[in-house]
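Architecture and fold: a report
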Amino acid sequence: IAAGTVYAEDYQHSEWDSWNAFGVGASSTMETETAGTKMKMTTTLKKKEADKLTVETVVEMMGTVMPPQERTIAKPAAGVAKSADAKCPQCGKAPHVKATQKAEKLKVGDKEVDCTLIEAVVNGCDGKEMSVSKTWFSKAVPGGMVKLESKTGGMEVKQSCTTFEA
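Rules behind the numbers
Residues numbered from 1 in each chain as written. Predicted model: local features only at pLDDT ≥ 70, side-chain atom pairs only at ≥ 80, totals over all residues. Heavy atoms only, no water. Helix = DSSP H or I, 4+ residues; strand = E, 2+ residues; numbered from the N terminus. Buried < 20%, exposed > 50% of the residue type's maximum accessible area, 1.4 Å probe, protein only. Contact = heavy atoms within 4.5 Å. Areas by Shrake-Rupley, 256 points an atom, 1.4 Å probe, with all protein chains shown as cover. Core = buried A, V, L, I, M, F, W, Y, C linked by side-chain atoms within 4.5 Å. pLDDT = per-residue confidence, 0-100. Pairing = 2+ DSSP bridges. Salt bridge = Lys/Arg side-chain N within 4 Å of Asp/Glu carboxyl O.

**Some details on the overall build of the protein**
A count of helical and extended segments in the protein gives one helix and 12 strands. Overall, the protein shows an N-to-C arrangement of helices and strands of β-β-α-β-β-β-β-β-β-β-β-β-β. The proportion of buried residues among the 166 residues of the protein is 32%. Taking all contacts inside the protein whose residues are at least 6 apart in sequence as the whole, residues at least 24 apart take part in 40%. Just so you have it, the protein exposes about 10,000 Å², and 51% of that area is on carbon and sulfur atoms.

**Some remarks on the environment of Phe 22**
By secondary structure assignment, the location of Phe 22 is in the loop between α1 (15–20) and β3 (27–34). Taking the relative accessible area as the measure of exposure, Phe 22 reaches 10% and is therefore buried. Each C-alpha atom, one on Phe 22 and one on Glu 165, is 9.5 Å from the other, the two residues being 143 residues apart in sequence. Discounting chain neighbours no more than four positions away, the residues touching Phe 22 are Leu 45, Lys 48, Lys 139, Ala 140, Val 141, Pro 142 and Ala 166.

**As for the environment of Gln 90**
Here Gln 90 is to be found in the loop between β7 (69–74) and β8 (97–108). Assessed through its relative accessible area of 66%, Gln 90 is described here as exposed. Taking the C-alpha atoms as reference points, Gln 90 and Cys 125, separated by 35 residues in sequence, lie 7.6 Å from one another.

**Details of the nonpolar core**
Core analysis: the largest hydrophobic core is formed by 11 residues, namely Met 30, Leu 106, Val 108, Val 113, Cys 115, Leu 117, Trp 136, Val 141, Val 146, Cys 161 and Phe 164. Breaking this core down by element, the ones donating at least two residues are β8, β9 (111–123) and β12 (155–165). In terms of residues, this core owes the most to one element, β9, which gives three residues. Formed by six residues, the second largest nonpolar core is a distinct cluster that contains Trp 16, Trp 19, Leu 53 and Ile 73.

**Overview of the confidence of the model for the protein**
Of all residues in the protein, 89% attain a pLDDT of 70 or more, and the chain-wide mean is 88. Counting contacts from residues 1–7, a segment whose pLDDT is below 50, to residues more than four positions away or on other chains yields 20 contacts.

**A short note on the pairing of strand β4 (residues 37–48)**
Two strands pair when backbone bridges link them, and β3 and β4 are joined in this way by eight bridges, in the antiparallel orientation. Within β4, the position partnered with Thr 29 by the bridge is Thr 42. As consecutive antiparallel partners, β3 and β4 are separated by two residues, and within that stretch Ala 35 has a phi angle of approximately 50°, a positive value. Of the pairings in the sheet, the one linking β4 to strand β5 (residues 52–61) comprises nine bridges and is antiparallel in character. Looking across to β5, one finds that Met 39 is bridged to Met 61. The hairpin turn running from β4 into β5, its antiparallel successor, is three residues long.

**Describing the pattern of salt bridges**
Enumeration according to the criterion identifies six salt bridges in this entry. As a salt-bridge pair, Glu 15 and Arg 71 come within 2.4 Å of each other at their nearest N and O atoms. Of the two residues, Glu 15 is situated in helix α1 and Arg 71 in strand β7; the sequence distance between them amounts to 56 residues. The class for Arg 71 is partly exposed, based on a relative accessible area of 38%. For the salt bridge of Glu 56 with Lys 46, the shortest nitrogen-to-oxygen distance reads 3.8 Å.

Now the structure itself:
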């Protein structure tokens with residue numbers, strides 16, 4: 001499965017599509033909490049080209065604003081593997097992921113957005129549970145992610161989109 005792509009049943013989220021659907025200047029702000037540390041990240045679409053997008057992320061953590069970081073999102077090649085074609089990189093078998101999806105509405109700031117909730121349980125090759133996550137995606141939000149709740153081992157991550165400009 002290509003990096004930046006999430007599958008569950010018939011739902012597909014690609015980072016390319018979730019930014020390419022918007023114009024230059026579109027942005028989203030995510031707040032994250034991990035192990036008691038809070039962070040705010042604002043990502044803005046800076047440039048659109050036929051085969052790549054440029055986004056800039058500004059991170060604020062513990063009262064410090066980090067210098068902006070630019071990165072490129074390449075347009076995926078045609079014929080990117082679908083989840084049915086995916087293989088576990090360790091054992092070569094089908095991925096050890098059980099994912100379900102359902103529609104939900106969430107509020108981001110003063111806006112209510114339609115979301116697809118993907119709930120996933122990832123097991124190791126030995127069948128032991130490695131992580132559990134819930135991720136809400138919306139085509140109305142630049143970048144696509146609205147909310148994330150994840151547990152891996154003893155670590156919990158919570159992330160929420162607090163504002164966006166489409």
